[in-house]
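An overview of the molecular structure
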Amino acid sequence: MLLFLGRRVPLSFVHRVTTCCPSSLSKPIWLIKLRSLTSTTHRTVFVSAASQNTRIMPERRPFVRLPTDVYPVNYGLSLKPDLIDFTFEGKLEAVVEVTQATNQIVMNCADIDIITASFAPQGGEEINATGFNYQNEDEKVTLSFPSALQKGSGSLKIDFVGELNDKMKGFYRSKYTAPSGEIRYAAVTQFEATDARRAFPCWDEPAIKATFDITLIVPKDRVALSNMNVIDRKPYPEDENLVEIKFATTPIMSTYLVAFVIGEYDFVEGQSSDGVTVRVYTPVGKAEQGKFALEVATKTLPFYKDYFSVPYPLPKIDLIAIADFAAGAMENWGLVTYRETALLIDPKNSCASSRQWVALVVGHELAHQWFGNLVTMEWWTHLWLNEGFASWIEYLCVDHCFPEYDIWTQFVSADYTRALDLDALDSSHPIEVNVGHPSEVDEIFDAISYSKGASVIRMLHNYIGDEDFRKGMNAYLLKFQHKNASTEDLWDCLEQASGKPIAAVMGSWTKQMGFPIIVVDQEQVSDDRILKISQKKFCASGPHNGEECPNWMVPISICTSEDPKCTKLKVLLDRPETTITLSGINTDQWIKINPGTVGFYRIQYSSSMLESLLPGIRDLSLQPVDRLGLQNDLFSLSRAGMISTVEVLKLMEAFVNEPNYTVWSDLSCNLGVLSSLLSHTDFHEEIQEFIRDLFTPIGLELGWDSKPGEGHLDALLRSLVLGKLGKAGHKPTLEEARRRFKDHVEGKQILPADLRSPVYLTVLKHGDSTTLDTMLKLHKQADMQEEKNRIERVLGAISAPDLIQKVLNFAISEEVRPQDTVAAIGGVAGSSKQGRKAAWKFVKDNWEELYNRYQGGFLISRLIKVNHSHRIMKSCVDVCAQNLPSTNTSSSFHFFLETVIP
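Residues numbered from 1 in each chain as written. Predicted model: local features only at pLDDT ≥ 70, side-chain atom pairs only at ≥ 80, totals over all residues. Heavy atoms only, no water.

Description of the overall build of the protein
Condition: Each helix corresponds to a stretch of at least 4 residues labelled H or I by DSSP, and each strand to a stretch of at least 2 residues labelled E; elements are numbered beginning at the N terminus. Here a residue-residue contact requires only that any non-hydrogen atoms of the pair lie within 4.5 Å.
Looking only at helices and strands, the protein has 24 helices and 35 strands in total. Restricting the contact set of the protein to residue pairs at least 6 apart, pairs at least 24 apart contribute 67%.

Okay, structure coming up:
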């Protein structure tokens, strides 16, 4: 066994061990090459005998993109799925262009058996392929021909068969229950990033675009959909139970955006103001649950058309709920696929947070119809731009459709601070990662690509201004429509529109990992306020001590107490430090850096500056988003050991009058982290008391029942506060939750959707085996996936070790859809110290089954992340303990709690 990062590694995982001794070190370094658990990638571990430090360096698989001597112009594709035996037959007739003579054609192909293949040059005789050489590891096939294919156009014909797999990728089967109670299967697709090759042999790279003519041969009682509208439907001559459905030719597009669905669905239909037909497909009998998404979609399409000044290019768009679906949604051009929970809203049984989630996901995927589909990244290296942009503009869209959601404040809590937390780790990566082998793509479908990407685009939009940003976006879309582009192409267009150094500024944010902490101090000279501002890299592990400290080009905005919503000065910090003079600032006025919390950095104020900002929190003169940002920065500084945790807890006292949901949500999240840390110390009960004291006043003000005139944010806040109080053991909340839960189970008084999560969480946290059995029964009875997911996420709150194990076993049972297993296990990992240990052991014990279930996709990486993120809590305890009072007694904790909250 090898001891690695404190854990024993079986020697079977060691690929090779070598040593070297650099001149700068007195002792050797061992280079230990480990076999990867999840791929053919080996990892080299650098172990210093002097320091016993380790660093993992991934070794990229050798990869060569497809040859350019033959490329597709049009795919004529016919597929005939068998929904009983889970196989499909396919016929491909592709118009291709041979650019130089060759006797072979190399394509992507995976899990497909080719029966026959031939090539016919335009006006020439057909040439049969004499061999099919599969390169399974690279997911390629080489078709060999007896003579050279000459330069020019031709037709490539391939007959093939494949499997409708159960891995939620490629062309796969999705299980559902018919209204009769019978278990049936739909045939659906998920091709991004590189799984179109599992449905048909193709040139499966984003830059190799072509048009598609798709025909589906399906049971006549099933719905069949694809990217385009149906242009012909006729009986299939070989089987009277089948029909042949032909779809219109697509625009030129990438393979990963192709889609087809065969199953049983109802739909609701509408038209956008600019004449695009919009349909939302739902499970049979649930058409009403598609109306909210239809409303969002019909508002969104015209919004994007106006924003980009480019019309939506297809005649229709379908949004469809898929029962088994690994991602949240997928932006296939003209046929957008979703998890049921990301599309369906039951007017009576869906909570406010679900409505908001559906609005955001619909906005995100429809943005891709322009940004990603019309203009596509040249290679996966530029994936971040696709996802980061859509993750930013989805908020712009929802703010347009539902201004009452205060969605930009929620962005800061949901995306901005999440990205800051992840990017402060030593294990982070730059936004723009050079992707070689496509198997590496799943590694960058993370919060850096999505949330940091969205955050720096938000900062860029603010730096440029909306008018120039839109002008640049329009130029970019028009210049590259139906083509491929890179990150630099967008920077060029925005630079020309704004006249600002966009490429230089953004390069510092996308090509290096991390972000700066802006350190600010001030001096008053007469009526002038002199600010000393410096930047250095912020690290979650503590102050950056590297020899070379990276610099960023940082857009700095400054406001004052005179008008907290108005930026008084903007500067671009392009050096390690600078001095700024603000004129006409009285001694009693405060200064705030980064109004709107738009710049992607943390701020460390001098003690006097921080003290002067506290009244702005108490009297609410600071914007909610700035109250949130101030608290979040301080909490992160305390986690990094740069300030005392007690300072943060004292700051929280200033939030006694706080009315804003998102501010409370962020406070709650940070207190949750602190609670998890302290679960490893003698202070755990004291932090629960602190939480109860902090949340009780707002809980009493809100009460349990909604009041006339309340809106979306009130519902979110009530759910948050009651859940927090219940989990912390607030006795009145626990008693009321138990009473309402009993009435709900007995059918006397059904819980409103917005109260279910906090009530379920509370009764489970303080419940027994009977409580758990009741919850499992509710799960089995639930007809709506939202309700099943709601229950799955809170089951892990149960406390008894044997019941925790029961929840974990339930998570991988037939009762839980494969894509929801991760959230159920994550719920256990995030619930308690015992839950974290049990979840990690469970994942290790069941690794083979879990890995086979997800086949190395991003769900398996999410499973590891959710367990790892909770396990690293233990390693943070020492830092936390250093920031608490020196004496390790409960009375000392009570003392400073009482000091913070009288």
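Next comes the rest of the write-up.
Examining the environment of Leu 677
Structurally, Leu 677 can be placed in helix H12 (residues 661–678). Between the C-alpha atom of Leu 677 and that of Lys 833, which follows or precedes it by 156 residues, the distance is 9.1 Å.

Describing the UniProt feature "binding site: Zn(2+)" (unreviewed entry) in the protein
Rule in force here: UniProt positions are given in the numbering used here, feature names are shortened, and annotations may be inferred rather than shown by experiment. The cut-offs for exposure are 20% and 50% of the maximum accessible area for each residue type, with area from a 1.4 Å probe on protein chains only; residues under the lower value are buried, those over the upper are exposed, and the others partly exposed. Any pair of N or O atoms that falls within 3.5 Å is considered a polar contact. Within protein, one atom must be able to donate a hydrogen and the other to accept it, and sequence-neighbouring residues count only if both atoms are side-chain atoms.
Following the UniProt record, one finds the feature "binding site: Zn(2+)" (unreviewed entry) at His 364, His 368 and Glu 387. Their sequence span is 24 residues, while the largest C-alpha to C-alpha distance among them is just 8.6 Å; these annotated residues converge on one region. The residue His 364 is located in helix H2 (residues 352–368) in this model. Exposure remark for His 364: the relative accessible area of 6% places this residue in the buried category. Excluding residues that lie within four positions of it along the chain, His 364 makes contacts with Glu 387, Ala 390, Ser 391, Glu 394 and Tyr 450. Positionally, Glu 387 belongs in helix H3 (residues 383–401). Its relative accessible area of 2% is what places Glu 387 among the buried residues. A distance of 3.1 Å separates the side chain of Glu 387 from the side chain of His 368, its partner in a polar contact.

Let's talk about the sheet that holds strand E9 (residues 102–108)
Note the threshold: Any two strands with at least two DSSP-identified bridges between them are counted as paired. To get an axis, a line is fitted to the C-alpha atoms, and for a helix only the part in contact is used. The angle between two axes follows their N-to-C directions and goes from 0 to 180 degrees.
Read across the open sheet, the three strands follow the order E9-E13-E12; overall the sheet is antiparallel. The open sheet terminates on both sides in strands that have one partner only, identified here as E9 and strand E12 (131–135). On average, each strand axis in the sheet is inclined to that of its neighbour by 25°, with strand direction left out of account. As defined by bridge partners, E12 adjoins strand E13 (residues 140–149) across five bridges and the pair is classed as antiparallel. By the bridge assignment for E13, Tyr 134 is matched with Val 141.

Some words on the sheet that holds strand E34 (residues 591–593)
Pairing within the open sheet is antiparallel, and its three strands lie in the order E32-E31-E34. Each edge of the open sheet is held by one strand with a lone partner, namely strand E32 (569–573) and E34. Averaged over all adjacent pairs, the angle separating strand axes in this sheet is 25°, with direction ignored.

Here we look at the packing of helix H14 (residues 712–727) against helix H16 (residues 753–765)
What counts, and what does not: Working definition: roughly parallel below 35 degrees, roughly antiparallel above 145 degrees, roughly perpendicular at 65 to 115 degrees, and oblique for all remaining angles. Note that Gly is not counted as nonpolar here; it falls among the polar residues with everything else outside the nonpolar set of Ala, Val, Leu, Ile, Met, Phe, Trp, Tyr, Cys and Pro and the charged set of Asp, Glu, Lys and Arg.
Viewed as axis vectors pointing N to C, H14 and H16 meet at an angle of 5°, and their least axial separation amounts to 8 Å. Viewed along their axes, H14 and H16 adopt a mutual orientation that is roughly parallel. Residues Ala 715, Arg 718, Ser 719, Leu 722, Gly 723, Gly 726 and Lys 727 of H14 touch H16, and the partners they reach there are Asp 754, Leu 755, Pro 758, Leu 761, Thr 762 and Lys 765. Partitioned by chemical class, the residues of the contact of H14 with H16 number five nonpolar, four polar and four charged.

Considerations on the pairing of strand E7 (residues 70–82)
The sheet contact formed by E7 and strand E8 (residues 87–98) spans 12 bridges and is antiparallel. By the bridge assignment, Gly 76 is partnered in E8 with Glu 93. Hairpin remark: E7 followed by E8, antiparallel, with four residues in the connecting loop; positive phi at Phe 86, about 60°. As paired strands, E7 and strand E17 (residues 211–219) are joined by six bridges and run parallel to one another. If you follow Leu 77 over to E17, its bridge partner there is Ile 214.

A short note on helix H5 (residues 447–464)
Given 3.6 residues per turn, any residue in an α-helix points the same way as the ones three and four places further on. Spelled out, the test is: For a helix, the expected span equals 1.5 Å multiplied by the residue count minus one. A residue's bend is the angle separating two fitted axes: one through the seven residues that end there, the other through the seven that start there.
Helix length check: H5, at 18 residues, gives a terminal C-alpha distance of 24 Å against a target of 26 Å (1.5 Å per residue), a fit within 8%. At Gly 453, H5 is deflected by roughly 25°, the largest bend along its length. Trailing H5 by a residue or two, Gly 465 shows a phi angle of about 100°, which is positive.

Thoughts on the environment of Cys 401
Looking at the element boundaries, Cys 401 is found in helix H3. Taking the relative accessible area as the measure of exposure, Cys 401 reaches 10% and is therefore buried. As a C-alpha pair, Cys 401 and Lys 299 span 102 residues in sequence and 6.9 Å in three-dimensional space. Apart from residues no more than four positions distant in its own chain, Cys 401 is found in contact with Lys 299 and Thr 300.

Topic: the layout of surface pockets
Rule in force here: The definitions used throughout rest on a 1 Å grid laid over the protein atoms alone, on which a cavity is an enclosed set of points accommodating a 1.4 Å probe that cannot get out and a pocket is an open set flanked by protein within 12 Å on both sides along at least five of seven lines; lining residues are those having an atom within 4 Å of a point. Grid points are joined across faces, edges and corners, and a volume is the space filled by probe spheres set on the points.
Taken as a whole, the second largest pocket encloses approximately 1,200 Å³ of empty space. In terms of lining, the second largest pocket is formed by 39 residues, of which the most central are Lys 175, Tyr 176, Thr 177, Asp 324 and Arg 817. At the level of secondary structure, the elements contributing two or more residues to the lining of the second largest pocket comprise strand E15 (170–177), strand E16 (183–190), strand E24 (316–322) and helix H18 (785–794).

Digging into unusual backbone geometry
Residue Ala 193 is reached from Glu 192 by a cis peptide bond, and omega for that bond is 10°. Tracing the sequence through the fold places Ala 193 in the loop between E16 and E17. In this structure, Ser 309 takes a positive phi of about 55° despite not being glycine. Despite not being glycine, His 482 shows a phi value in the positive range, around 65°. Position of His 482 among the secondary structure elements: in the loop between helix H6 (466–480) and strand E28 (483–485).

Description of the pattern of salt bridges
Our working definition: The salt bridge definition used is simple: a Lys or Arg side-chain nitrogen within 4 Å of an Asp or Glu carboxyl oxygen.
Taken as a whole and assessed by the stated rule, the structure comprises 48 salt bridges. Notably, a salt bridge pairs Arg 184 with Glu 182, separated by 3.0 Å at the nearest N-O pair. A salt bridge links Arg 602 to Asp 633, with the nearest nitrogen and oxygen atoms 2.8 Å apart. Separated by 31 residues along the polypeptide, Arg 602 in strand E35 (residues 602–605) and Asp 633 in helix H10 (residues 624–639) bring together distant segments of the chain. As far as the burial class goes, Arg 602 and Asp 633 line up, both buried. When salt bridges that share partners are traced, they join Asp 111, Glu 139, Asp 195, Arg 197, Arg 198 and Asp 204 into one network.

Quick notes on the state of the cysteines
Definition in use: Whenever a pair of cysteine sulfur atoms sits within 2.5 Å, that pair is classed as a disulfide.
Under the criterion given, the structure shown has zero disulfides. Cys 202 takes part in no disulfide bond, and the closest cysteine sulfur to it belongs to Cys 109, at a distance of 8.4 Å.

Focus: the side chain of Arg 817
When you line up the elements, Arg 817 lands in the loop between helix H19 (801–811) and helix H20 (821–829). Relative accessible area serves as the criterion here: at 19%, Arg 817 is assigned to the buried category. A polar side-chain atom of Arg 817 sits 3.0 Å from the main-chain carbonyl oxygen of Lys 175. Excluding anything up to four places from it in sequence, Arg 817 contacts Lys 175, Tyr 176, Ala 323, Asp 324 and Gln 785.

A word on helix H15 (residues 731–745)
Taking 1.5 Å per residue, 15 residues should reach 21 Å; H15 reaches 21 Å between its end C-alpha atoms and fits that length. Turning to H15, its buried residues are Thr 733, Leu 734, Glu 736, Ala 737, Arg 740, Phe 741, Asp 743 and His 744. Along its buried surface, H15 packs onto H14, H16 and helix H17 (769–781). Of the residues one or two after H15, Gly 747 is the one with positive phi, at around 80°.

Quick word on the side chain of Asn 670
Tracing the backbone through its elements, the reader meets Asn 670 in helix H12. A relative accessible area of 5% means that Asn 670 is categorised as buried. With near-sequence residues (within four places) excluded, Asn 670 lies in contact with Gln 631, Asn 632 and Phe 635.

Let's talk about the UniProt feature "site: Transition state stabilizer" (unreviewed entry) in the protein
Feature annotation in UniProt places "site: Transition state stabilizer" (unreviewed entry) on Tyr 450, given in this structure's numbering. Note that Tyr 450 resides in helix H5. Beyond its immediate stretch of four places on either side in the chain, Tyr 450 contacts His 364, Glu 387, Gly 388, Ser 391 and Phe 445.

A few points about a nonpolar patch on the surface
Basically, it comes down to this: Each patch is assembled from residues with relative accessible area greater than 30% and no salt bridge, linking like charges that lie within 9 Å and nonpolar side chains (Val, Leu, Ile, Met, Phe, Trp, Tyr) that lie within 5 Å. For accessible areas, the Shrake-Rupley method is used with a probe of radius 1.4 Å. Any residue's cover is judged against the shown protein chains and nothing else.
Residues Tyr 71, Val 73 and Val 95 make up a contiguous nonpolar surface patch of roughly 230 Å² in combined accessible area. If you trace the backbone, Val 73 turns up in strand E7.

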